[in-house]
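Results of the structural survey
Here's the letter readout for the chains.
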Amino acid sequence: MRILLAEDDSVLADGLTRSLRQSGYAIDCVKNGQDADTALSTQEFDLLILDLGLPKMSGLEVLRRLRARASLLPVLILTAADSVEQRVEGLDLGADDYMAKPFALSELEARVRALTRRGAGGGAAVVRHGPLVYDQVGRSAYINDQMLDLSARELGLLEVLLARTGRLVSKEQLVDHLCEWGEEVSNNAIEVYVHRLRKKIEVGGVRIATVRGLGYCLEKFSEASAAAAAAAAANDARIAATAADK
């Protein structure tokens, strides 16, 4: 998930950025309303965390312009504890939630998880794809009830592919969702992430197809492919056992 954080307090912005990155989110941070409005007009995000007291353009004006463009992007506003009127105005303008400063990082992260699920179309917190189960709240994945050891990038890649099961996802779209501004990520790096994820999930018959020159597609689950994967895994195990006996 890619988040835009609009916050002019450098200490708070750095703390939020570090915390959310550790949770596997891609974070872009801007320090004034003008830059926030430009970013929202030209880039795609999954969530906006918006401080209302921004310089150059107020957070309320950023929100007003965002909704005027008919954007449904989830917005979490940050306000001073005593600014009740601003909170009310922000909610009236289309914000989805708010938090009063100071706040606990654990609570903010919980609200971020709730809003990004809602922005992805609501639905259950657990996504099932054949033997693959993805917990959107805990950000963990399982194959046949065995937890997968996935990096933050691999989790982000899995989220994007699950949200578009059966549809093509281009490398450019993956870069947009997984990476932050100014971060140099090549198409070769995306190929490496896909390769690593593929090795971890295909043991259960979950397949990521490569459409050469275009991108990737998480194929709709097939019992036949699952059986073939299980048979191949069993065969590999027999070969390894035979080699060990020799």
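Residues numbered from 1 in each chain as written. Predicted model: local features only at pLDDT ≥ 70, side-chain atom pairs only at ≥ 80, totals over all residues. Heavy atoms only, no water.

**Thoughts on the overall build of the protein**
Across its full length, the protein carries 9 helices and 12 strands. Buried residues in the protein amount to 43% of all 246 residues. Relative to all contacts within the protein whose residues are 6 or more apart in sequence, the contacts with residues 24 or more apart total 57%. A total of about 12500 Å² of accessible surface is found on the protein, and carbon and sulfur atoms cover 50% of it. (Helix = DSSP H or I, 4+ residues; strand = E, 2+ residues; numbered from the N terminus. Buried < 20%, exposed > 50% of the residue type's maximum accessible area, 1.4 Å probe, protein only. Contact = heavy atoms within 4.5 Å. Areas by Shrake-Rupley, 256 points an atom, 1.4 Å probe, with all protein chains shown as cover.)

**As for the sheet that holds strand E12 (residues 215-218)**
The pairing of strands in a sheet comes from backbone hydrogen bonds and takes either a parallel or an antiparallel form. Strand order in the open sheet formed by 3 strands is E10-E12-E11, with antiparallel pairing between adjacent strands. Among the strands making up the open sheet, the edge pair consists of strand E10 (169-170) and strand E11 (208-211). Summarising the sheet, E10 and E12 pair through 2 bridges and their orientation is antiparallel. Paired with Val-169 across the two strands is Tyr-216, which belongs to E12. (Pairing = 2+ DSSP bridges.)

**Section: the packing of helix H2 (residues 33-42) against helix H3 (residues 59-68)**
For any two helices packed against each other, the geometry is given by the interaxial angle and the distance between the axes. Two numbers describe how H2 lies on H3: the axes approach to 9 Å, and their chain directions differ by 15°. Here H2 is positioned roughly parallel relative to H3, judged by the angle of their axes. The hand of the H2/H3 crossing is right-handed. Touching Gly-33, Ala-36, Asp-37 and Leu-40 of H2 are Val-62, Arg-65 and Leu-66, all from H3. (Axes fitted to C-alpha atoms, helices over the stretch in contact; angles between N-to-C directions. Parallel < 35°, antiparallel > 145°, perpendicular 65-115°, else oblique. Left-handed = near helix turned anticlockwise from the far one by under 90°.)

**Remarks on the pattern of salt bridges**
Following the criterion strictly, the structure yields 15 salt bridges and no others. One salt bridge connects Arg-2 with Asp-28, and the closest N-O pair in it is separated by 2.8 Å. Of this pair, Arg-2 sits in strand E1 (residues 2-6) while Asp-28 is found in strand E2 (residues 26-30), placing the two residues 26 residues apart along the sequence. Across the pair, Asp-28 and Arg-2 agree in class, each one buried. We note a salt bridge from Asp-96 to Arg-67, for which the minimum N-O separation is 3.3 Å. Residue Asp-96 is located in the loop between helix H4 (84-92) and strand E5 (97-101), and its partner Arg-67 is located in helix H3; the two are separated by 29 residues in the primary sequence. Members of the salt-bridge network, linked through shared partners, are Asp-37, Glu-61, Arg-64, Arg-65, Arg-69 and Glu-89. (Salt bridge = Lys/Arg side-chain N within 4 Å of Asp/Glu carboxyl O.)

All we've got here are geometric facts, nothing functional implied.
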